Amino acid sequence: MYDCAQKLAEYIRSHPLRTDGTTALDMLYTSYIAHSAIDSQAMACKFRQLEQRLSALPPEQENGIFQTFCEVYAENEKNAFCEGLRFGFQLAKELAGE
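Residues numbered from 1 in each chain as written. Predicted model: local features only at pLDDT ≥ 70, side-chain atom pairs only at ≥ 80, totals over all residues. Heavy atoms only, no water.

Enquirer: Mind showing me how you'd approach the overall build of the protein chain here?
Expert: Within the protein chain, the regular secondary structure consists of four helices and zero strands. By the burial criterion, 8% of the 98 residues in the protein chain qualify as buried. For the protein chain, restricting intrachain contacts to residue pairs at least 6 apart in sequence, the fraction spanning at least 24 positions comes to 53%. As presented, the protein chain carries roughly 8,100 Å² of accessible surface, and 61% of it is formed by carbon and sulfur atoms. (Helix = DSSP H or I, 4+ residues; strand = E, 2+ residues; numbered from the N terminus. Buried < 20%, exposed > 50% of the residue type's maximum accessible area, 1.4 Å probe, protein only. Contact = heavy atoms within 4.5 Å. Areas by Shrake-Rupley, 256 points an atom, 1.4 Å probe, with all protein chains shown as cover.)

Structure below.
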């Protein structure tokens, strides 16, 4: 693992990050949003399918189920983002030799 970390550190040194002065967290979030599945055609299709299936329910049931779905989805996205941050911090620590 140490050899891999050394190679990665050397790659990072030889390929410096080009930024406009934003923080690493801003850059990570921007990259995450750019690659997020929420904007994909497949995800849009799944939301349309969900909407069609929910439309068969009475409005009070439809709204409650959709609200719960959105809350679960948002929590999952948040957890995935936080896990990515933890991974990044761990990688940074390993590269720093800590």
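Enquirer: Got a minute to help me understand the packing of aromatic side chains in this structure?
Expert: Each aromatic ring pair is specified by the distance between its two centres and by the angle formed by the two planes. Evaluation of the coordinates by the stated rule reveals four aromatic pairs. Judged by centre distance (5.6 Å) and plane angle (80°), the rings of phenylalanine 47 and phenylalanine 69 are edge-to-face. Taken together, the residues phenylalanine 47 in helix α3 (residues 41-54) and phenylalanine 69 in helix α4 (residues 59-95) connect sequence positions 22 residues apart. A relative accessible area of 22% places phenylalanine 47 in the partly exposed class. (Phe/Tyr/Trp six-rings, centres within 6.5 Å; stacked < 30°, edge-to-face > 60°.)

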